[in-house]
Amino acid sequence: MSVSAPDIPAKTKRGFRLDLKTVGPLLALALLVLLGISLNENFLSYNNLTNVLARSSFIGIIAIGATFVITAGGLDLSVGSMAAVIAGVMIMVMNWLIPSMGIGWGVVIAGMATGILLGGVAGVFNGTMITRGRIEAFIVTLGTMGIFRSLVTFLADGGTLSLNFQVADVYRPVYYAGVLGVPWPIIVFALVAIGGEVVMRYTAFGRYCAAIGSNEQVARYSSINVDNVRLLTYILQGILVGVAVLLYVPRLGSASSTTGVLWELEAIAGVIIGGTTLKGGYGRIWGTVVGVVILGLIGNILNLQSLISPYLNGAFQGVIIILAVLLQRGRRT
Amino acid sequence: MSSVEGTVAPAVLSANRISKSFGEIPVLFSIDFDIKPGEVHAIIGENGAGKSTLIKILSGIEQPTSGSITYDGETVTLPPDGKAEAMGIVLIHQELNLAEHLTASESIFLGRELKRFGFLDLGEMRKRAAALMDTLHVRVDPDDRISTLSVADKQMVEIAKAISRDARVLIMDEPTAVLSVGETQTLFEQIRRLTARGVAVIFISHKLDEIMELADRVTVLRDGQLIATVGTEALTPDSIAQMMVGRELSNLYPPKHEPDVDAPVVLGIRNLVAKGVKDISFDLKRGEILGFAGLIGSGRTAVAEAIVGLSHRTGGEITLDGKPVNFTQVAQSVDAGLAYMTKDRKGKGLLLNMGLRPNLTLLTLDRHIKAGFLDSSSEERALERAVRRFDIRARDASVAVGRLSGGNQQKLMLGKTMESEPDIIIMDEPTRGIDVGTKQQIYHIIAALAAEGKSIILISSEMQEVIGLSHRVVVMREGRLTGVLEGAEITEAEIMRYAAGIKQSGNDERISA
Ligand SMILES: Nc1ncnc2c1ncn2[C@@H]1O[C@H](COP(=O)(O)OP(=O)(O)OP(=O)(O)O)[C@@H](O)[C@H]1O
Ligand SMILES: [Mg+2]
């Protein structure tokens, strides 16, 4: 029997379990939505849904970057601190530019450009240390996580960096306004997700990420420039952190040492719930999107009801993560 | 050859009308098989015939879909996950199965560590491991990490581990595929020692001469069906091969077409020095098949890896079509029309968790890009081509490559290498784990490539293959080139003399033909 003639449909027991893994996150999402509807009729309201999605979009955009990093067998623990330091520097740069550029979109755009640039630079640093320095990703990003966190504390002098309120007024619509009633963060999140899915599935870069995460030696013997691909995943991650931050800054107009705390864990959790393997070799962007939304919905549903304390949010998220990995077990990598 | 058919000795382990399907895909059909104490029973068959599946069932790793297993006269359900080891059924897998980060001694005693006063007795384990390696003539230190060992040494550690178990039935799935002649002989000595003690041995190999030498009985499988079980004395390598593939196999090696005497040199190597390579010089001509013989570990792979830029070259010169080149990345050599096919298909060749298509095109993905995006229909066409050309048999194209039979993995890897349409191909053990029928196909492909004007470096530990195909043969020993043989000099005895260091050509006057 040859490849072209599989006359019997391959509905093996394994195949079925794999299917469950594929639909698992979607199933969980559907259950959560049903639960939300049954608990509170406001759950499906436009306000509630846009609110949940807009809040999830920061983590979501970062998690899409993390999907690439993890698929390629890496890890980036520094994204939360990186977000904080980028937010801080963006605010400082915008405040500093006001005298020369005046209040207006010019300053805001300069601030946004700074954010993306800084993200890219941070990614280059992480990636270079990991690929050229041959240090483990966990160690490097644990280090930069501390460095970035302490940098933002230092820049804010232990307090809070606030954006000039007139500029903040100009900037506010980037978080609060949108197109056809859909806030910008959700739109950007959706665009990044679609772009990410396309890159992961339909470009050589996406294929190479999975190859490297699956077996770095095989990738090297297959003429893939392992270091460059890996470096690119960290740069992409950094840039996406920058994108998330430029949507985040107009929300509060400030940054402090508590900005972005634990974002890295939420992002990684979203990636894993979505079905990407933590060891690398297999990743899917749509899964990550679903994973992040699941995490957001748990918090939201807890807030919408009165039986269980919302303080248990973290516990529920933890249970979901463990369940997701249990479901994934048995997938051979 | 003692206990052959007809002896009254009862079987220690037998399979009765065993069938196996993976999902709805049948792989084995009602197989009867048995093994008696002190006997070597060989299983042969084409790639994907179901040999590995059968012995996985016999050792409990897979459960049969129907049929029963009898052990010591009783019908049993063998426990999965290798727990049948405790019952005396020990299996050496086809694909190496050692934890890479353990030491040799730790792997050998994994799961039944020696203890003293409740603590691990490291000294004793090391001592016994060293003694085991000695009986196998393996130069592995008990403290060596598995990850640092060559494939052959890993296999020997695996064998040491199995032998050290108190096996009553020892099952080996292609143990000799990665071994050289010398190592194979050592293994056979040990097997004979074990059978003399009454151990039953099941042995899978594609090397028919080994089967003739070692086995008492042979069972032939084809497409999951039992073709026959016969005593070895009634067989010849030709008749076995015929039973295996179901047709007559003539001309295993195609006729040699000598390349033109004045064919240009396409690859010139001068005084190459790299890790494991000491001052190697040779020329490869257009349309030539240049065999590389030598013992395992003699540095042939190291030469190949230094040429294509996989390992750092510390000295010497490489010219391609007369122009000096310096590859530091595989991509550069592939672009220049020089491809290397690794012998380590599991560790370096294939992504075992992915399907056939991404594996096939991984080396040449940039040829399947349209407007920046992967063109899956072009990849699909490439797969169809490769499946046809190399007769790759997978029951389902989406199956993870790790689930293919060993031989089909090898053919897929060959297809992957040839996707880059190289002018010069370095093939490292290209027929490892491949059945005779497919071997013949591959030999003809190699010869046809050479006839087309491609140049081939054929690294192989199968002497017959090197002799049957090569126009010239380079022999290496301990990182050095000891001789270059041509024409009538290409004989097994002569190659062995150079490989063992008994004979050595003084200088490089014969390097370029
Ligand atoms: N876990 C599995 N799931 C699905 N199919 C499988 C699985 N294991 C083996 N197969 C299929 O069963 C068939 C027999 O495979 P098997 O490994 O037993 O062949 P083999 O005779 O050992 O071949 P080779 O000489 O190449 O090692 C192959 O078509 C293979 O793809
Ligand atoms: Mg097999």
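Look up: the structure comes first, before these words.
Figured I'd write up the structure that's included with this text.

1. Observations concerning the overall build of chain A
Tallying secondary structure elements over chain A gives 14 helices and four strands in all. Over its C-alpha trace chain A gives a radius of gyration of 21 Å, about what one expects of a compact globule, namely 20 Å for 333 residues. With respect to the principal axes defined by its C-alpha atoms, chain A has extents near 75 × 55 × 35 Å. Put simply, chain A has 333 residues, and 52% of those count as buried. Once local pairs closer than 6 in sequence are excluded, the contacts in chain A between residues at least 24 apart make up 79%. With the model as given, the accessible surface of chain A reaches about 14,900 Å², and the carbon-plus-sulfur share is 68%. Of the charged side chains in chain A, 20 are positive and 12 negative, and the gap between their average positions amounts to 10 Å.

2. Comments concerning the interface of chain A and chain B
Listed by partner, the interface residues are 33 residues for chain A and 40 residues for chain B. Taken together, the links from chain A to chain B amount to one salt bridge. Linking E379 of chain B and R207 of chain A is a salt bridge whose minimum nitrogen-to-oxygen distance equals 2.8 Å. Counting across the interface, chain A meets chain B through eight residue pairs in polar contact (both at pLDDT 80 or more). Of all the secondary structure elements, the ones that give two or more residues to the side of chain A that touches chain B are α1 (13-39), α8 (184-202), α9 (204-214) and α10 (216-221) of chain A.

3. Here's the deal with the sheet that holds strand β16 (residues 313-320) of chain B
All names here are of chain B. Read across the open sheet, the four strands follow the order β14-β13-β16-β17; overall the sheet is antiparallel. Single-partner strands in this sheet number two, and they are β14 (277-285) and β17 (323-325). Strand-to-strand twist across the sheet, computed as the mean angle between neighbouring axes with direction ignored, equals 15°. Sheet topology note: the strand β13 (residues 265-274)/β16 ladder contains six bridges and is antiparallel. The residue of β16 that forms the bridge with I269 is I318.

4. Focus on α9 of chain A
Counting buried residues along α9 of chain A, ten of its eleven residues qualify, which places the element largely inside the surrounding structure. Along α9 of chain A, the residues classified as buried are A204, F205, G206, R207, Y208, C209, A210, A211, I212 and G213 of chain A.

5. Structural notes on the environment of I92 of chain B
Residue and element names in this part refer to chain B. As for its position among the elements, I92 is in strand β6 (residues 89-92). Note on I92: relative accessible area 1%, which makes it buried. Each C-alpha atom, one on I92 and one on K161, is 9.0 Å from the other, the two residues being 69 residues apart in sequence. Ignoring anything within four residues of it in the chain, the contact list for I92 reads Q155, E158, I159, A162, I171, M172 and D173.

6. Re the packing of aromatic side chains
A full pass over the atoms with the stated rule returns ten aromatic pairs over all chains. In this structure an aromatic cluster arises from ring pairing among F58, Y175, Y176, Y248 and W263 of chain A.

7. Considering the pattern of salt bridges
Counted according to the given criterion, the structure contains 27 salt bridges over all chains. Of the charged contacts in the structure, one is a salt bridge between E124 of chain B and K127 of chain B, with a shortest N-O distance of 3.6 Å. Of this pair, E124 of chain B and K127 of chain B both sit in helix α3 (residues 122-135), separated by three residues, roughly a single helical turn. Across the salt bridge formed by K454 of chain B and D423 of chain B, the nearest N and O atoms sit 3.8 Å from each other. With a gap of 31 residues between them, K454 of chain B in the loop between α14 (436-451) and β22 (455-459) and D423 of chain B in the loop between α13 (406-418) and β21 (424-428) connect regions that are remote in the sequence. On the basis of relative accessibility, which here comes to 44%, the residue D423 of chain B falls in the partly exposed class. Several salt bridges converge on common partners, so that one network encompasses R207 of chain A together with R357, E379 and E380 of chain B.

8. Here we look at the side chain of S298 of chain B
All names here are of chain B. Looking at the element boundaries, S298 is found in the loop between β15 (289-294) and α8 (300-308). Here the side chain of S298 touches L295 through a polar contact of 2.6 Å, landing on its backbone oxygen. Setting aside residues up to four positions removed in sequence, S298 forms contacts with M476, R477, E478 and G479.

9. Details of the site of ligand 1
All names here are of chain B. Around ligand 1, a shell composed of 19 residues is seen, among which G48, K51, S52, T53 and G407 lie nearest. Measuring from an oxygen atom of ligand 1, one finds a side-chain N or O atom of N47 at 2.9 Å. Between K51 and ligand 1, the recorded distance is 2.7 Å, taken from a side-chain N or O atom to an oxygen atom. Relative to its unbound accessible area of 640 Å², ligand 1 is 91% covered by the protein chains. Elements supplying a minimum of two residues to the shell around ligand 1: α1 (51-58) and α13. Per-element tally for the shell around ligand 1: the top contributor is α1, with three residues. In the shell around ligand 1, the residues fall into four nonpolar, ten polar and five charged. For the shell around ligand 1, the two domains that each supply at least three residues are domain 1 (13-244) and domain 2 (265-510).

What counts, and where the lines are drawn
Residues numbered from 1 in each chain as written. Chains lettered and ligands numbered in written order. Predicted model: local features only at pLDDT ≥ 70, side-chain atom pairs only at ≥ 80, totals over all residues. Heavy atoms only, no water. Helix = DSSP H or I, 4+ residues; strand = E, 2+ residues; numbered from the N terminus. Rg over C-alpha atoms; globule rule 2.2 N^0.38 Å. Buried < 20%, exposed > 50% of the residue type's maximum accessible area, 1.4 Å probe, protein only. Contact = heavy atoms within 4.5 Å. Areas by Shrake-Rupley, 256 points an atom, 1.4 Å probe, with all protein chains shown as cover. Lys, Arg positive; Asp, Glu negative; His and termini not counted. Charge placed at Lys NZ, Arg CZ, Asp CG, Glu CD. Salt bridge = Lys/Arg side-chain N within 4 Å of Asp/Glu carboxyl O. Polar contact = N/O pair within 3.5 Å; in protein donor to acceptor, adjacent residues only side chain to side chain. Pairing = 2+ DSSP bridges. Axes fitted to C-alpha atoms, helices over the stretch in contact; angles between N-to-C directions. Phe/Tyr/Trp six-rings, centres within 6.5 Å; stacked < 30°, edge-to-face > 60°. Near = heavy atom within 4 Å. Nonpolar A, V, L, I, M, F, W, Y, C, P; charged D, E, K, R; others polar. Domains from an automatic or database assignment.

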